[in-house]
Amino acid sequence: MNDSELLAFSNILYDSRSENAKTIIAFQECVKRNIDKGNSLYRLGVSYIENGESETGIEKLEESIKINPKNFKAYFNIGAVCYDTRQFEKSIKFYKKSLEIEPNNDASYYGIALSEYVLNEIKSSKENCEKALQLNPNNENARLLIAKY
């Protein structure tokens with residue numbers, strides 16, 4: 001399989017979201033061959049996360065950021081996975097990095113607010129939750145969280 005066929009095949013597997021083990025193997029080969037490396041690392045990281053291998057997934061996302069430091073999705077996904085794995089300070093750090101790229105992203109503000117809430121940083125959590133709602137009054141998660149203050 002040539003490089004463009006491998007990348008196309010890998011992307012089809014990724015988009016199907018049904019065979020993470022095969023997707024991982026395909027994107028590992030893309031990375032090995034240096035095919036669209038930043039995006040291949042990003043998709044490899046997401047595939048690891050979806051396969052339940054969060055730590056390896058985060059490592060691959062961090063590698064993708066080294067190649068493409070403006071990859072909002074990589075920062076955002078690391079923030080979300082860190083929250084899910086109870087690494088709240090790290091979650092906040094990566095959500096804040098995502099905001100440097102997309103400063104009007106309500107979901108990032110909500111992610112920060114949620115981690116701060118768990119860390120009992122209530123004042124800051126409320127402020128970030130309010131920012132999320134200013135940007136998107138329909139953010140149901142932020143609405144539910146702000147009701148807890």
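Trainee: Account for the overall build of the protein chain, with residues named and values stated.
Mentor: When you go through the protein chain residue by residue, the secondary structure sums to 9 helices and 0 strands. In the protein chain, the succession of α and β elements from N to C terminus is α-α-α-α-α-α-α-α-α. C-alpha atoms of the protein chain, sized along the principal axes, occupy 55 × 25 × 25 Å. The buried share among the 149 residues of the protein chain stands at 43%. Once local pairs closer than 6 in sequence are excluded, the contacts in the protein chain between residues at least 24 apart make up 44%. Total accessible area on the protein chain is roughly 8,200 Å²; 48% of this is exposed by carbon and sulfur atoms. Computing the positive centroid from 20 side-chain charges and the negative centroid from 22, the protein chain places the two 3 Å apart.

Trainee: Explain the nonpolar core to me, using residue names and the numbers behind them.
Mentor: Soluble, globular proteins show a tendency: their nonpolar side chains are buried together. Grouped together as the largest cluster of nonpolar side chains are 22 residues, with contacts concentrated most on Phe27, Cys30, Tyr42, Leu44, Leu61, Ile65 and Ile78. Of all the secondary structure elements, the ones that give two or more residues to this core are α1 (3–16), α2 (20–32), α3 (37–50), α4 (54–67) and α5 (72–84). If near-sequence neighbours (up to four positions away) are discounted, Ile65 is found in contact with Ala74, Tyr75, Ile78 and Phe94. Residues Ile92, Tyr95, Tyr109 and Ala113 belong to the second largest nonpolar core, which totals 13 residues.

Trainee: Tell me what's going on with the packing of aromatic side chains, and back it up with residues and numbers.
Mentor: A full pass over the atoms with the stated rule returns 6 aromatic pairs. Look at Tyr14 and Phe27: their rings are 6.2 Å apart centre to centre, the planes differ by 90°, and that puts the pair in the edge-to-face class. Of the two residues, Tyr14 sits in helix α1 while Phe27 sits in helix α2, which places them 13 residues apart along the sequence. Like Phe27, Tyr14 is buried. An aromatic cluster is present here, built from Phe72, Phe76 and Tyr95 joined pairwise through their rings.

Quick notes on the rules
- Residues numbered from 1 in each chain as written.
- Predicted model: local features only at pLDDT ≥ 70, side-chain atom pairs only at ≥ 80, totals over all residues.
- Heavy atoms only, no water.
- Helix = DSSP H or I, 4+ residues; strand = E, 2+ residues; numbered from the N terminus.
- Buried < 20%, exposed > 50% of the residue type's maximum accessible area, 1.4 Å probe, protein only.
- Contact = heavy atoms within 4.5 Å.
- Areas by Shrake-Rupley, 256 points an atom, 1.4 Å probe, with all protein chains shown as cover.
- Lys, Arg positive; Asp, Glu negative; His and termini not counted.
- Charge placed at Lys NZ, Arg CZ, Asp CG, Glu CD.
- Core = buried A, V, L, I, M, F, W, Y, C linked by side-chain atoms within 4.5 Å.
- Phe/Tyr/Trp six-rings, centres within 6.5 Å; stacked < 30°, edge-to-face > 60°.

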